[in-house]
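Fold and contact review
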Amino acid sequence: MAVVSYSVEVINNTKELRTIVANTVDIYSSALNYVIDVVEKNFEEIKSKENLEGRMYLEHLIHNTKNNKAIYDFDSKYYKMPCYMLRDIESRAIGHYSSYISNLEKYKKERYESISNGLKFQKKEPVKAKCNSLPTFYRNNMFIKTQDNVIELKLYVDNTWKYVKLKLKQRDVKYINKINGKMCNPEIFIVGKKIFVKFIFKINTLKLSDKKINEQIVCGVDLGINNDATLSIMDSNGTIIGRHFVKTREKDHLNHLLNRKRKIQRESGNYRYLGNLHIVNKINSLNKNIVNHTVSEIIKICLSYGVNVIVFENLGHKFKKAKKSYRQRFHHWRKIAIFNKAYEMAHRNGMRISSVNPCGTSMYAYDGSGEVKRHEDNYSLCTFTNGKIYNCDLSASYNIAARYIVREYIKPLDENSRSILETKASVVLSGTKVTYSSLKGLLNVI
């Protein structure tokens, strides 16, 4: 079971509506933190009861009824709080404080064990922070769907709670209607001057592939600047069964916008001036489209070959300073966003994701001939030391897939067995010099 969310923008957005939504979120957050303080003072009694009994005991402490006189003045502070929202607040307050207590007990246990063994303990003590959760709107009590793209939420208006009509973007509504899963209660929030309703879905995920390494089909993905992605499909015997290049149409448009941005910076020298032209927003939107298109193409290709594992380079580290002409392109390169989105989509389709060390994947030729020399006029091409001209990204994708397969083969072995294999194969099986030829040499001696 996986939980996914999708935020839909509200069309009938006005200053008055933004004020109503902001007041609703504020009063919910204030009430939640008030109840958390009550839970802290009465935690021993609440902890000794079952989940439902503990929540009912908390409700008796803060809420007046015909047969109950509350100890705390919650009802006077938060007048006419809807009962379903109140119960949501109670559950979250108990969960938030219970989580803090369990983290504190774990911290004390680790600290005691470290000091008892004469070791330094530098971990900081957990802090009881404020809870900033968004209000949840329960169906048929605080949330009503009147039309396909029109909903009504019970919001805080004029010191009371009333249903407010919200019109949603039709395009977003069509998308969430296609999601095959159980829709949970929505949430509402504000970003800048826009209002969004977040719909949460529980979907059944496929079981991830659990085949052994000698039965797997691996896809090595080399992410780049010129080509968004270069794919090599490889089986466990090192046979290349597919090669693909993924390049989106937005690349030229993105380069055009980057050139415009660079020109304005050069002429005006004022970076704030770019905000008036909305160039940065256009670049970010294009980058988002490039990420979505790239990942969808990768997943589509992998499904057509029955891939079990998709292997990326671990590009989370900072790069060295690039050439001036490439600096902005590197800055707007969404490598981590592509990996994160591929991680989600691959798991939905039953495929696993892995990563390898990126050092040397493009530097060394896949055939083991040594370092390559990039062409100055076409950076995607390179020349091997033996004179062979080849696509550098394609060679790197071979090495990425090979590094994963080599690592999986030698992972169960101890150091002595690994050194014996390296001696027999006459190749290096670990480090930054592992290439496609290393896999071939390993397979010859296994």
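The rules we used
- Here the residue numbering is sequential within each chain, running from 1 through the sequence in written order.
- Restriction of local features to residues with pLDDT of at least 70 applies here, the model being predicted, together with a cutoff of 80 or more for giving and counting side-chain atom pairs; totals for whole chains, interfaces and linings are based on all residues.
- Water and hydrogen atoms were dropped before computing side-chain values, which therefore reflect all heavy atoms in the structure.
- Only runs of H or I of at least four residues qualify as helices and only runs of E of at least two qualify as strands under DSSP, and these elements are numbered from the N terminus.
- Here the radius of gyration uses the C-alpha set of atoms, whereas the globule reference equals 2.2 Å times the residue count to the power 0.38.
- We call two residues in contact when some of their heavy atoms are within 4.5 Å.
- Accessible surface is estimated by sampling points in the Shrake-Rupley manner with a 1.4 Å probe; for residues, cover comes only from the protein chains shown.
- Here the positive residues are Lys and Arg and the negative ones are Asp and Glu; neither His nor the chain ends is included.
- Working definition for charges: the position is that of NZ of Lys, CZ of Arg, CG of Asp or CD of Glu.
- Inter-axis angles, ranging from 0 to 180 degrees, are taken between N-to-C directions of lines fitted to C-alpha atoms, where helices are fitted over the stretch in contact.
- Oblique is the label for any angle not under 35 degrees, not over 145, and not in the 65 to 115 range, which are roughly parallel, roughly antiparallel and roughly perpendicular in turn.
- Residue type decides the class: Asp, Glu, Lys and Arg count as charged, Ala, Val, Leu, Ile, Met, Phe, Trp, Tyr, Cys and Pro as nonpolar, and the leftover types, Gly among them, as polar.
- When a residue's accessible area, from a 1.4 Å probe over protein chains only, is under 20% of the maximum for its type it is buried; when over 50% it is exposed; and in between it is partly exposed.
- What the arc describes is the spread of directions from the helix axis to the C-beta atoms.
- Only strands that DSSP links by at least two bridges are regarded as paired with each other.
- Stacked, edge-to-face and tilted are the three classes for Phe, Tyr and Trp ring pairs, Trp counted by its six-membered ring, which pair at centre distances within 6.5 Å; planes under 30 degrees apart are stacked, over 60 edge-to-face, the rest tilted.
- Charge over a ring is defined by NZ of Lys or CZ of Arg lying within 6 Å of the ring centre and within 35 degrees of the ring normal.
- The salt bridge criterion pairs a side-chain nitrogen of Lys or Arg with a carboxyl oxygen of Asp or Glu, the two atoms within 4 Å.
- Expected helix span is computed as 1.5 Å times (number of residues minus one).

Here we look at the overall build of the protein chain
Assigned secondary structure in the protein chain consists of 14 helices and 15 strands. In terms of C-alpha radius of gyration, the protein chain reaches 28 Å, well past the compact-globule figure of 22 Å for 446 residues. Its C-alpha atoms give the protein chain principal-axis dimensions of roughly 90 × 65 × 45 Å. Look at the contacts in the protein chain between residues 6 or more apart in sequence, and 63% of them connect residues 24 or more apart. As presented, the protein chain carries roughly 25600 Å² of accessible surface, and 49% of it is formed by carbon and sulfur atoms. Here the protein chain holds 74 positive side-chain charges and 43 negative ones, and the gap between their average locations is 6 Å.

Here's the deal with the packing of helix α13 (residues 415-425) against helix α14 (residues 436-445)
The axes of two packed helices give the description: the angle between them and the distance between them. In contact at an axis separation of 9 Å, α13 and α14 are set at 100° when each is read in the N-to-C sense. Taken together, the axes of α13 and α14 are roughly perpendicular relative to one another. For the pair α13 and α14, contact is made by Leu421, Lys424 and Ala425 and by Gly441, Leu442 and Val445, respectively. Residues of the contact of α13 with α14, tallied by class, amount to four nonpolar, one polar and one charged.

Side note on helix α6 (residues 170-178)
Residues of α6 that are buried: Asp172, Val173 and Ile176. Along α6, the residues classed as buried sweep out an arc of 100° about the axis, all on the same side. Among the exposed residues of α6, those pointing more than 90 degrees away from its buried face are Arg171, Lys174 and Lys178. Against β1 (2-9) and β7 (194-203) lie the buried residues of α6.

Some thoughts on the sheet that holds strand β9 (residues 229-235)
Pairing within the open sheet is mixed, and its five strands lie in the order β10-β9-β8-β11-β12. Strands at the two margins of the open sheet, each flanked by one partner only, are β10 (240-246) and β12 (352-356). Here the strands of the sheet are splayed against their neighbours by 20° on average, with no regard to which way each runs. Packing of helix α9 (residues 279-305) onto the sheet brings it into contact with β8 (217-223), β9, β10 and β11 (309-313), and relative to β10 it is tilted by some 160°.

Let's talk about the packing of helix α1 (residues 15-41) against helix α3 (residues 51-62)
Contact geometry for α1 and α3: axes closest at 11 Å, N-to-C directions at 110°. Classified by the angle their axes make, α1 and α3 are roughly perpendicular. Contacts from Val35, Val38 and Val39 in α1 reach Leu58, Leu61 and Ile62 in α3. In terms of residue class, the contact of α1 with α3 is built from six nonpolar, no polar and no charged.

With respect to the packing of aromatic side chains
Think of a pair of aromatic rings as described by two things: how far the centres are apart, and how the planes are tilted against each other in angle. One pass over the structure, following the stated rule, counts 19 aromatic pairs. Here the aromatic rings of Tyr107 and Phe121 are separated by 5.5 Å at their centres, their planes lie at 55°, and the arrangement is tilted. Pair noted here: Tyr107 is in helix α5 (residues 83-116) and Phe121 is in the loop between α5 and β2 (143-145), with a separation of 14 residues, a long-range link. Between Tyr366 and Tyr398, the aromatic rings sit 5.0 Å apart at their centres with planes inclined by 85°, giving edge-to-face as the arrangement. Of this pair, Tyr366 sits in the loop between β12 and β13 (373-374) while Tyr398 is found in helix α12 (residues 392-410), placing the two residues 32 residues apart along the sequence. The burial state of Tyr366 is the same as that of Tyr398; both residues are buried. In textbook terms, an aromatic cluster arises when at least three aromatic residues are bridged by ring pairs, as seen for Tyr366, Phe384, Tyr390, Tyr398 and Tyr436. Between the NZ or CZ atom of Lys49 and the centre of the ring of Tyr57, over which it lies, the distance is 5.2 Å.

Looking at the environment of Leu155
Its location among the elements puts Leu155 in strand β3 (residues 150-157). Considering only alpha carbons, one finds Leu155 and Phe201, 46 residues apart in sequence, at a separation of 22 Å.

Comments concerning the pairing of β7
For β7, the buried fraction is high: seven of the 10 residues fall into the buried class. Two elements, β1 and β7, share eight bridges in a ladder whose sense is antiparallel. What sits directly across from Ser5, in β7, is Ile200. The pairing of strand β5 (residues 182-183) with β7 spans two bridges and is classified as antiparallel.

Focus: the pattern of salt bridges
Per the stated rule, a full pass over the model turns up 17 salt bridges. The shortest N-O distance in the salt bridge between Asp148 and Lys145 comes to 4.0 Å. In this structure Asp148 comes out as partly exposed when scored by relative accessible area, which is 37%. Through salt bridges that share partners, Arg55, Glu59, Arg87 and Glu90 make up one connected network.

Quick notes on the environment of Phe384
Looking at the element boundaries, Phe384 is found in the loop between β14 (381-383) and β15 (389-391). For the pair formed by Phe384 and Ile200, sequence separation is 184 residues and the distance between their alpha carbons is 51 Å. Leaving out residues up to four positions away in the same chain, Phe384 has contacts with Ala365, Tyr366, Asp367, Ser369, Val372, Tyr390 and Ser395.

A few points about α9
Helix length check: α9 (27 residues) gives 39 Å between terminal C-alpha atoms against 39 Å at 1.5 Å per residue, within 8%. Among all positions in α9, only Ile279, Ile283, Leu286, Asn287, Ile290, Val291, Thr294, Val295, Ile298, Ile299, Ile301 and Cys302 are buried. Just downstream of α9, Gly306 is the residue with a positive phi angle, here 70°.

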